[in-house]
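# Observations on the three-dimensional arrangement
Residue-level listing of the chains:
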Amino acid sequence: MPGSWNISSRFATALIVVMLCSIPGTVIGQNSQNVPREYKVKAVFLHRFLQYTTWPSTPSLDTLDSYVIGVLGDNPFGSSFNSVIGRTPKSTDNKTLEIKFFNSLSELSACHILYISSEDPSIIRRATKQVVGSGTFVVGESETVLKNCGVAQFFIRNNHVKFMINLNAVKEEGLKIDSEVLELAEIVRYACE
Amino acid sequence: MPVSENIPFKGLKDAPIRRKVTVVSMSTALIALLLTAATFIVIDFLNTRDSLAERMSSLAAVVSTNSQGALAFDDTDRAAKNLDGLRSVEEVDYAALIKLEVDSTVSVLADYLKPDAGYSQFVPSVPKTSSAEFTFDELLIFQPVEIQGELVGSLFLKVNLSVVYGRIWTFAGIMLAVLVLVLLLTFLVSGRFHRVITTPLDSLVTTARSVTDNHDYSVRANKFGNDEVGLVIDAFNEMLIDLQELHHDLEVRVQKRTSQLQQAVTELESFSYSVSHDLRAPLRAVDGFSSALLEDYSDNISEEQRRYLEIIKQSAKQMGALIDGLLAFSRLGRREVSMSEFSISSIAHQAANELELSGSFDIGCLTIKDVPKAYGDSTMVRQVLTNLLSNAYKFTADEPTRNIVLGGDTYDSEFNRYYLKDNGVGFEMKYADKLFGVFQRLHHNSEFEGSGVGLAIVERVITRHGGKVWAESVPGQGATFFFTLPRHRLAIHDEFELRSQERVEALVQPQSEVDEQ
């Protein structure tokens, strides 16, 4: 298949570097040219989640004038979001897109989608506990996110980025996710405490 | 007859009207049908093409909408599965989902190739608006895919036009069948339609032929309608009416004139017969009493008186001969004729013998060659030969040896030609046409005796038989008299016989034949 998911040798080398370092989510570079394709894809996916999801009216979200994607911890996306920042991701309203980087839990503020790059269960548990019930679409890289009432988790299958969605969390957070997304997702149901 | 060159379809000029009608109606049907078929095919082609484009565009819209998610999340499996749904649409040869990357490059996310279709190269692109473009045998469709107004990719469809062309061929096939059927029907129908034109014309031709062949002017051509042919028939019938009247008038006039002429001729013949007959009585008295004077008073008359009386007697005798000739001439018209085939040579022998007995011929100077037989009244023809023989004998009187030859041969299919050649004085050719008139004489009585009736009788007899008579001569080198007689019975003889019969019946002879002699 022409122009498909074959990862070029340049990015393969980058991936090997990432694996050798054994530090997932490590910032490899601020330049998007050096960001692994995996994270470029994930950045697009986060953007798509934003486009396909309708949020409920909650006290914390209502304070926001724009759509906010928050990245907790290290930023693996580099400048991948640069092309979409400031644009209006949805055709239904004029809200622009904003990316917020939270270096620590203490900095965490209201956002529509919260991406947790860390796979550390304690960090995840603390983070989710902080945002659950505020209508936040929590996305993470480990199952712990889903088990703690996070909404989505990325995973790799056949070199393709896939994602799982916890329907209970969707319900809990009052989100409405387009069926297009749900059809493509692997659906799981972990109970929210 | 002049033929106008300014008619269309010159090749059909001499063809019968039936074929002209067939050709005209068949070509009309052909042209009409071909135009109709061409129009329908073009319209149907455009319609089918447009409806195909519409259908495929809708299909592209549906597939692209369903593929939004696949494009949004780079899901090749989902994309492939979506495109595989096109398997049920046989017009689609190839389909591809094209993804617009963040860096504005394009790549094919998934594609579908119909199992029996060949892959053909295309340039993937992600246009902002949908497009449907026809090539010669394909329809190329690009359908953009958007998520929340953001262009994320496009769907490309390559559609074969076999459906469209299939329809055209089917349509053309049906049209061809209809064309053949229509031409056949037109041929059959025009075979009947041509009668609308040819029947009146045939009637006209039949009538015209009947008029020319039978001279029957009472027939009329039937009129079938008030078209051009009808007008021609009207004009023709009017011409026939005029002709009939003219013909009738002419016939009546000819009949009237003929009967007047016949009456005049009969009266004239009767008159000349009476005159010549009645002239004989006083002449006999003149002759008789002159003889009586010479015999009874021979002693009392002087030599001079005797000489006068001899002159009177001689003149009376000459006048008697004239009257005899005149009587013989007029008697010709009153004889009943009996036609048969007879031998000219034996008739000539008889005539020569008779002439020799009366001392006016010498049979020794006559040579009769092998001559063909003739058809006619032998008695009349004997008179002809008698006259010609005595003429020949008479005009060879000065020759040391008389040489008279009778010959004959075939003249044409109906006539034989005979001639009598002598070595006598002959005549100048400028008088040739005067020879056969009554009382026309080229020589003075003192040179050659004669009444001037002989050759007139010859001409009359030969003419009555339908033949002709003429003479050729060089003065001093003899003369040749030619005449023709029928070889067999001719149509003219019926009238000849009938007229002579009528004339004989009509004539009341004033005195008996015995008295004449």
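### Re the overall build of chain A
Counting its regular elements, chain A contains seven helices and nine strands. Looking at chain A as a whole, 50% of its 193 residues are labelled buried. At a minimum sequence separation of 6, the contacts of chain A that also span at least 24 residues come to 57%.

### Quick notes on the nonpolar core
Judged by nonpolar contacts, the single largest core of 82 residues is most densely connected at Leu 46, Phe 49, Phe 137 and Phe 163 of chain A. Looking at this core element by element, the count peaks at eight residues for helix H2 (residues 37–52) of chain A. Discounting residues that sit within four places of it in the chain, Leu 46 of chain A has contacts with Ile 69, Phe 77, Phe 81, Ile 113, Tyr 115, Val 139 and Phe 154 of chain A. Judged by nonpolar contacts, the second largest core, of 44 residues, contains Val 337, Ala 374, Leu 435 and Phe 436 of chain B.

### Overview of the confidence of the model for chain B
With 91% of its residues at a pLDDT of at least 70, chain B reaches an overall mean of 84. Long-range and interchain partners of residues 507–517 of chain B, a stretch whose pLDDT sits below 50, account for 17 contacts in this model, where long-range means more than four residues apart.

### Observations concerning the interface of chain A and chain B
How big an interface is tends to be expressed through the accessible area that disappears when the partners come together. In this assembly, 26 residues from chain A lie in contact with 22 residues from chain B. When chain A packs against chain B, close to 2100 Å² is buried across both sides, 51% of that on carbon and sulfur atoms. Remark: the boundary between chain A and chain B carries five salt bridges. Residues Lys 162 of chain A and Asp 75 of chain B are paired through a salt bridge, measuring 3.6 Å at the closest nitrogen-oxygen approach. Where chain A touches chain B, the interface holds seven residue pairs in polar contact (both at pLDDT 80 or more). Every element with two or more residues in the side of chain A that touches chain B is listed here: H2, strand S7 (160–166) and helix H7 (179–184) of chain A. The greatest single-element share of the side of chain A that touches chain B, amounting to eight residues, is contributed by H2 of chain A. Classifying every residue of the side of chain A that touches chain B gives 11 nonpolar, eight polar and seven charged.

### Focus: the side chain of Ser 290 of chain B
Residues and elements named next belong to chain B. Turning to its location among the elements, Ser 290 is positioned in helix H5 (residues 228–296). Only 2.6 Å separates the side chain of Ser 290 from the backbone oxygen of Val 286, close enough to count as a polar contact. Discounting residues that sit within four places of it in the chain, Ser 290 has contacts with Ala 285, Leu 309, Ile 312 and Lys 313.

### Remarks on the confidence of the model for chain A
All names here are of chain A. Mean pLDDT over chain A works out to 82, with 82% of the residues at or above the 70 mark. Averaged over each element, pLDDT in chain A is lowest for helix H1 (residues 9–21) (45) and highest for strand S4 (residues 113–116) (95). Note on residues 1–9: pLDDT under 50 across the span, and 15 contacts to partners over four residues away in sequence or across chains. Below a pLDDT of 50 lies the segment residues 11–32, which in the model reaches 24 contacts outside its immediate sequence neighbourhood of four places, other chains included.

Basis of the calculations
All residue numbers refer to positions counted from 1 along the written sequence of the respective chain. Written order determines the labels here, with chains lettered from A and ligands numbered from 1. Totals for whole chains, interfaces and linings use every residue, but because this is a predicted model, local features are given only for residues with pLDDT of at least 70 and side-chain atom pairs only at 80 or more, for both listing and counting. Side-chain metrics rest on all non-hydrogen atoms present in the structure, leaving aside hydrogens and water. Going along the chain from the N terminus, every DSSP run of H or I of four or more residues is numbered as a helix, and every run of E of two or more is numbered as a strand. Accessibility here uses a 1.4 Å probe with only protein chains present; expressed as a share of the type maximum, an area under 20% marks a residue as buried, one over 50% as exposed, and anything in between as partly exposed. Throughout, a residue-residue contact means that at least one pair of heavy atoms, one from each residue, lies within 4.5 Å. The term nonpolar core refers to a set of buried residues drawn from Ala, Val, Leu, Ile, Met, Phe, Trp, Tyr and Cys, joined through side-chain atoms within 4.5 Å. Confidence per residue, as judged by the predictor, is encoded in pLDDT with a range of 0 to 100. When two parts are brought into contact, each loses some accessible area as probed by a 1.4 Å sphere; the total of that loss over both is the buried area. Salt bridges are defined by distance alone: a side-chain nitrogen of Lys or Arg within 4 Å of a carboxyl oxygen of Asp or Glu. Nitrogen and oxygen atoms within 3.5 Å of one another constitute a polar contact, given that in protein one can donate a hydrogen and the other can accept it, and given that sequence-neighbouring residues count only through two side-chain atoms. Three classes are used, and their members are as follows: Ala, Val, Leu, Ile, Met, Phe, Trp, Tyr, Cys and Pro are nonpolar, Asp, Glu, Lys and Arg are charged, and the others, Gly among them, are polar.

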